[in-house]
Amino acid sequence: MEMFIMSLTIFVLAIFVGVEVINKVPPTLHTPLMSGTNAISGIVVVGAIISSGGSEHTTVLSTVLGVAAIVLATINIVAGFMVTDRMLNMFKKK
């Protein structure tokens, strides 16, 4: 139970820090910021693959959560690259 409380506290603090950091970013930098988060989402996909993979400590819950993380992070990566590509196309000469 103590480990759960500690993990929950870290999670909540990470949410607060994330909201504060994102709110301080000016609107002109949102697209470059999204490009940077694509790299982080790639790391999430690798971690989710590892956590959902078969090992002696893998449970059904960790497999289901790992697959959900893979799907959501992949959607985030694809959408982020699409937005970035669209933004870059706006600056090309016609």
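Residues numbered from 1 in each chain as written. Predicted model: local features only at pLDDT ≥ 70, side-chain atom pairs only at ≥ 80, totals over all residues. Heavy atoms only, no water.

## Notes on the confidence of the model for the chain
And step 1. Residues with a pLDDT of 70 or more make up 98% of the chain, whose mean pLDDT is 82.
And step 2. In the model of the chain, helix H2 (residues 30–52) stands out as the element of lowest mean pLDDT, 78, in contrast to helix H1 (residues 2–23), which has the highest, 88. (pLDDT = per-residue confidence, 0-100. Helix = DSSP H or I, 4+ residues; strand = E, 2+ residues; numbered from the N terminus.)

## Concerning the pattern of salt bridges
And step 1. A full pass over the atoms with the stated rule returns 1 salt bridge.
And step 2. A salt bridge links Glu20 to Lys24; the nearest nitrogen and oxygen atoms lie 3.5 Å apart.
And step 3. Given the relative accessible area of 43%, Glu20 is considered partly exposed.
And step 4. Owing to a relative accessible area of 63%, Lys24 belongs among the exposed residues under this scheme. (Salt bridge = Lys/Arg side-chain N within 4 Å of Asp/Glu carboxyl O. Buried < 20%, exposed > 50% of the residue type's maximum accessible area, 1.4 Å probe, protein only.)

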